[in-house]
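Chain residues, written in single-letter form:
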Amino acid sequence: METRREPLDIATGLASSGIWDTYVVYEDPDGWSIAGGIAAEVLLTPRCIRTTRDGVVTEDRWNGNPLDRIQEFLESLSIADWSAYGWCAFELAPLLAGMAAPRDGVLAHLVVPETEVRLSGGRAVIRSLRGAALATAEEAVTHAAAPAGGTGRPVRVDLEADAGDYLHHVASLVRDIRAGLLQKAVISRVVPVPEEIDFPASFAAGRRANSPTRSFLLSMGGLRAFGFSPETVVEVDPERRVASQPLAGTRALTGDTELDRKLREDLLADPKELHEHAISVKVAVDELAGPCEPETVAVTEFMTVKERGTVQHLASKVVGRMPEGAGPWQAFAAVFPAVTASGVPKPAAYEAISRYESQARGPYAGAVMKVTQDGTMDAALVLRSAYACNGRTWLRAGAGVVEQSRAERELEETREKLMSVSRSLVGRADRTAEPADDTGAAEGRPRPPR
């Protein structure tokens, strides 16, 4: 159907309409996708994989590579031209590397929606497995109001939360690097949000103020999140072409043209930032050489500067092509998690992150993704995001630490990144708190829905 409404208004209107308990909004260069309801579902935990199709739930223990099980389930679906949407937790990464698995929490959660809306070029394509749901979605695309901004009252957060501990952890990590334990690690800090927020309204406000490479808004299995991703973890097209987009090296983006120019020049001349970026690109090249034909792997962009909301980054792009018979999950396994949100070498970085971060990351530094039956995958790095689960709402940001790092500068970088989200938060009109989950899930990591 034709539509003159702004895609952001349609997407957030659908999300806030209440017609779906489970939804994912995903923006990529081709437009906007809104996935609503559940036709099929796969949920991975450290102990089991739970799948749902045709209303039948199956739960099994898994062995080997869990991504193979996810791929097998999706490929077995009888739904024509399916698309799957969802997220993978950062804690999936150590498990894929053969390290100890976390004790609990969701590692991956994907749904094939009952209804899907795609918005591009003034058109809305609506597909559904049920006629009634199709009519409801069509009505909502036409009339559902964009969120009015909740209470209209901005929610203030304390960007200094955990600052003292963070300075100490950066200094300790620099000593680890100088001792030869690793070359780089990204460590993060959590900033609590003191009240519930209106997620669709906050997402809409933040999207208008940000310039992400991808954006997303989701409500799945007790987790709500939105974010403005500065880079992709991996992109795979039907011809098996693969791309990854490492960003590392950061300065503020203030809106003052002259100051931003000076900060950009400082970024391009800073040995610490250049070193951090260069080793991240090298890792991306090495990783893509695994699933791709080696002669096809190349750096097509190197150390350009990309503006992302309140920050500007050094950015590169690495591409390759997989051989016949290879699929997107192989590319994802090779590069996940993004080196720019983990470290070098990755196993040592996982250990450092576990040492210096007291809360599980969950979706932070993981991926939100869209996967389709024709072999495409688009996986965005989850940064510049807000989260709510189990009665808590929080933000999280980190900085890449190398031998030349200064703790005060890395702390300032986390403030710059947090502002990409914190300045757009608006309170909920309904202040009634959600019931706390009584399953004892680790903070920041949702339990599987029961």
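The coordinates are above.
The text that follows walks through the structure, step by step, so that each part is easy to find. (Residues numbered from 1 in each chain as written. Predicted model: local features only at pLDDT ≥ 70, side-chain atom pairs only at ≥ 80, totals over all residues. Heavy atoms only, no water.)

1. Considerations on the nonpolar core
Consideration 1: If you look at the biggest cluster of nonpolar residues, it comprises 91 residues, and the most contacted ones within it are Ile70, Leu74, Leu110, Leu173, Val234, Trp329 and Phe332.
Consideration 2: Each residue touching Phe332, except ones within four places of it in the same chain, is listed here: Leu67, Cys88, Leu92, Val234, Ala367, Met369, Met377 and Ala379.
Consideration 3: Within the second largest apolar cluster, 37 residues are counted, among which are Trp20, Trp32, Ala144 and Leu159. (Core = buried A, V, L, I, M, F, W, Y, C linked by side-chain atoms within 4.5 Å. Buried < 20%, exposed > 50% of the residue type's maximum accessible area, 1.4 Å probe, protein only. Contact = heavy atoms within 4.5 Å.)

2. So, helix H6 (residues 199-209)
For an α-helix, the turn length of 3.6 residues means that residues three or four places apart are oriented alike.
Consideration 1: Here H6 lies mainly inside the structure; eight of its eleven residues are buried.
Consideration 2: By the burial criterion, the buried members of H6 are Phe199, Pro200, Ala201, Ser202, Phe203, Ala204, Gly206 and Arg207.
Consideration 3: Measuring from the side-chain oxygen of the N-cap residue of H6 to the backbone nitrogen of Ala201 gives 2.9 Å; that N-cap residue is Asp198. (Helix = DSSP H or I, 4+ residues; strand = E, 2+ residues; numbered from the N terminus. Polar contact = N/O pair within 3.5 Å; in protein donor to acceptor, adjacent residues only side chain to side chain.)

3. Examining the packing of aromatic side chains
Consideration 1: Tallied over the full model, the rule gives nine aromatic pairs.
Consideration 2: With a centroid separation of 5.5 Å and 25° between ring planes, the pair formed by Tyr387 and Trp394 is classed as stacked. Accessibility classification places Tyr387 together with Trp394 in one group, the buried group.
Consideration 3: An aromatic cluster of three or more residues is present, and its members are Trp32, Phe199, Phe203, Phe226 and Phe228.
Consideration 4: If you follow Arg361 out to its NZ or CZ, it ends over the ring of Phe90, 4.4 Å from the centre.
Consideration 5: We note Arg392 situated over the ring of Trp394; from NZ or CZ to the ring centre the distance is 4.4 Å. (Phe/Tyr/Trp six-rings, centres within 6.5 Å; stacked < 30°, edge-to-face > 60°. Lys NZ or Arg CZ within 6 Å of the ring centre and 35° of its normal.)

4. So, the pattern of salt bridges
A side chain with one charge may pair with a side chain of the opposite charge, provided their charged atoms come close.
Consideration 1: On inspection of all chains with the given rule, the structure shows 34 salt bridges.
Consideration 2: Where Arg130 meets Glu114, a salt bridge forms, and the shortest distance between an N and an O atom there is 2.8 Å. Of this pair, Arg130 sits in the loop between strand S9 (123-128) and helix H4 (131-143) while Glu114 sits in the loop between strand S7 (108-112) and strand S8 (115-120), and the two are 16 residues apart along the sequence.
Consideration 3: The class of Arg130 is partly exposed, set by a relative accessible area of 44%.
Consideration 4: Across the pair Glu196 and Arg428 runs a salt bridge, and its minimum N-O distance is 2.7 Å. Of this pair, Glu196 sits in the loop between strand S10 (184-192) and H6 while Arg428 sits in the segment after helix H11 (407-422), placing them 232 residues apart in sequence. Assigned by exposure class, Glu196 and Arg428 land together as buried. (Salt bridge = Lys/Arg side-chain N within 4 Å of Asp/Glu carboxyl O.)

5. Topic: unusual backbone geometry
Consideration 1: With an omega of -5°, the peptide bond running from Phe336 to Pro337 counts as cis.
Consideration 2: For Pro337, the location among the structural elements is in the loop between helix H9 (328-335) and strand S18 (343-344).
Consideration 3: Note that the residue after Val344, namely Pro345, is joined by a cis bond; omega there is -15°.
Consideration 4: Positionally, Pro345 belongs in the loop between S18 and helix H10 (346-356).
Consideration 5: The phi dihedral of Ala365 falls on the positive side, at around 65°, and the residue is not glycine.
Consideration 6: Take Ala365: it is sitting in the loop between H10 and strand S19 (367-372).
Consideration 7: A residue is classified by how much of its surface remains accessible, and Ala365, at 0% relative accessible area, is buried.

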